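Observations on chain architecture
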Amino acid sequence: MPPLLEQPLLLLLSLAANVLSAMAGGGAGLLQLPALIFLGLPLSMALATHKIATVALGLGATLKHAREGHTAWGFSLLMLAAGLPGVVVGANTILSVPPALAEVSLGVLTIGLGVYSYFKKQLGQQYQPCHRDLQGYLLGALGLFALGVLNGSLTSGTGLFVTVWLITWFGYDFKRATAYTMILVGLFWNGTGALALALQTEVKWSWLPALLLGSLLGGYAGAYLAIKYSNPLIKRVFEVVTVAAGVALIVQHI
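Residues numbered from 1 in each chain as written. Predicted model: local features only at pLDDT ≥ 70, side-chain atom pairs only at ≥ 80, totals over all residues. Heavy atoms only, no water.

1. Let's talk about the overall build of the protein chain
A count of helices and strands for the protein chain gives 10 helices and 0 strands. Element order for the protein chain, N to C, with α for helix and β for strand: α-α-α-α-α-α-α-α-α-α. Computed over the C-alpha atoms, the radius of gyration of the protein chain is 17 Å, within 12% of the 18 Å expected from 2.2 N^0.38 for a compact globule of 254 residues. Principal-axis analysis of the C-alpha atoms gives the protein chain an extent of 55 × 35 × 35 Å. The burial tally for the protein chain puts 52% of its 254 residues in the buried class. (Helix = DSSP H or I, 4+ residues; strand = E, 2+ residues; numbered from the N terminus. Rg over C-alpha atoms; globule rule 2.2 N^0.38 Å. Buried < 20%, exposed > 50% of the residue type's maximum accessible area, 1.4 Å probe, protein only.)

2. Remarks on the environment of L213
When you line up the elements, L213 lands in helix α9 (residues 208-228). The class of L213 is partly exposed, set by a relative accessible area of 40%. Distance in space between the C-alpha atoms of L213 and F38 is 20 Å, their sequence separation being 175 residues.

3. A few points about the packing of helix α6 (residues 134-153) against helix α7 (residues 158-168)
Contact pair α6 / α7: the axes reach a minimum separation of 9 Å and the direction vectors enclose 170°. Relative to α7, α6 is oriented roughly antiparallel. Taking contact as the criterion, the partners of L139, G140, G143, L144, L147, L150 and N151 in α6 are, on α7, T158, F161, V162, W165 and L166. (Axes fitted to C-alpha atoms, helices over the stretch in contact; angles between N-to-C directions. Parallel < 35°, antiparallel > 145°, perpendicular 65-115°, else oblique. Contact = heavy atoms within 4.5 Å.)

4. Observations concerning the UniProt feature "transmembrane region" (unreviewed entry) in the protein chain
In the numbering adopted here, UniProt assigns the feature "transmembrane region" (unreviewed entry) to residues 34-60, 72-94, 100-119, 139-167, 179-199 and 206-227. Helix makes up 95% of residues 179-199 and strand 0%, whereas the separation of the span's terminal C-alpha atoms amounts to 29 Å. Strand forms 0% of residues 206-227 and helix 91%; the C-alpha atoms that close the span are 33 Å apart. (UniProt positions renumbered as here; feature names shortened; annotations may be inferred.)

5. Quick look at helix α3 (residues 43-65)
Helical geometry note: an α-helix holds 3.6 residues per turn, so side chains three or four residues apart project in the same direction. Between the first and last C-alpha of α3 there are 32 Å, a value that for 23 residues agrees with the 33 Å anticipated at 1.5 Å per step. Buried residues dominate α3, accounting for 18 of its 23 residues. (Expected span 1.5 Å × (residues − 1).)

6. Digging into the packing of aromatic side chains
Here the distance between the centres and the angle between the planes together describe a pair of aromatic rings. Within the structure shown, the criterion is met by 9 aromatic pairs. Relative to F170, the ring of Y137 has its centre 6.1 Å away and its plane inclined at 35°; by these criteria the two rings are tilted. Placement of Y137 in helix α6 and of F170 in the loop between α7 and α8 (174-198) is noted, with a sequence separation of 33 residues between them. Plain terms: the ring middles of F174 and F238 are 5.3 Å apart, the flat faces sit at 55° to each other, and that makes the pair tilted. Remark: F238 occurs in helix α10 (residues 231-251) and F174 occurs in helix α8; sequence separation between them is 64 residues. For the pair shown, F174 and F238 are each scored as buried. (Phe/Tyr/Trp six-rings, centres within 6.5 Å; stacked < 30°, edge-to-face > 60°.)

7. Topic: the nonpolar core
Counting residues in hydrophobic clusters, the biggest one holds 36 residues, and the most contacted among them are F75, M79, V162, L166 and W189. Ranked by residues supplied to this core, first place goes to α8 with 7 residues. Sequence-distant contacts of F75, that is, excluding residues within four places in its chain, are made with Y137, L166, F170, Y172 and Y180. Counting 19 residues, the second largest nonpolar core, distinct from the first, contains M45, A91, L197 and A210. (Core = buried A, V, L, I, M, F, W, Y, C linked by side-chain atoms within 4.5 Å.)

8. Regarding the pattern of salt bridges
Opposite charge on two side chains permits them to pair, given that their charged atoms come into close proximity. A full pass over the atoms with the stated rule returns 3 salt bridges. Two residues, K235 and E239, come together in a salt bridge whose shortest N-O distance is 2.7 Å. Here K235 and its partner E239 are both found in helix α10, 4 residues apart, which amounts to about one turn of the helix. One salt bridge in this structure joins E239 and R236, with 2.2 Å as the shortest N-O distance. Here R236 and E239 lie together in helix α10, a separation of 3 residues that amounts to about one turn. Of the residues examined, R236 reaches a relative accessible area of 40% and is grouped as partly exposed. The network of salt bridges with common partners includes K235, R236 and E239. (Salt bridge = Lys/Arg side-chain N within 4 Å of Asp/Glu carboxyl O.)

Next up, the structure:
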């Protein structure tokens with residue numbers, strides 16, 4: 001790729017991927033991770049570079065969501081306590097695991113999320129808190145730990161699973177679930193995973209300025225759109241992103 005086109009192309013890719021991700025509650029890897037591999041990075045370097053860039057997505061979304069009061073400190077701490085250990089476990093195992101079968105399986109599951117949401121018309125449309133007793137929190141935390149492992153090991157689309165888990169288990173609507181995912185997963189889970197991966201493999205540092213800027217601007221813009229528009233529109237964006245992300249994960253291994 002000509003040097004003059006490198007940074008603008010990376011910026012556009014990052015911006016597009018992260019606007020969609022911040023609206024849908026995950027899926028930045030839909031365009032960004034496969035694009036980094038297509039542009040010549042080996043998988044391990046692409047994973048580490050992408051994961052660092054997605055921290056800016058969380059920061060950009062946090063700058064917008066934090067003003068809206070859609071998150072509570074107590075539940076945020078639960079997501080951190082349950083998810084971060086899983087992220088570390090996942091990040092420390094992925095580089096020794098052949099990714100093809102895992103990514104194809106993840107692609108099938110991700111498509112399943114979109115199809116499930118499409119046919120479940122009321123999914124995430126109303127805020128209906130549930131499972132807020134001790135047993136509910138413990139089982140919810142176990143699910144978040146498992147999703148943390150997935151997030152640390154496979155970076156494409158795992159935030160989408162967190163969004164659906166928050167909706168189906170804890171009763172959040174799409175706006176609130178997306179806010180939690182973008183802040184806690186985008187900033188803290190991805191930050192932990194980025195550090196763990198950067199300590200084990202090379203990072204394409206020269207590509208990060210454009211990727212970070214695109215993630216920051218895309219995260220803020222996507223969060224703005226998610227807050228401005230209604231749950232039905234966010235649900236539809238979620239469905240499109242999940243199906244597209246799943247197809248992208250499968251196609252790159254065909």
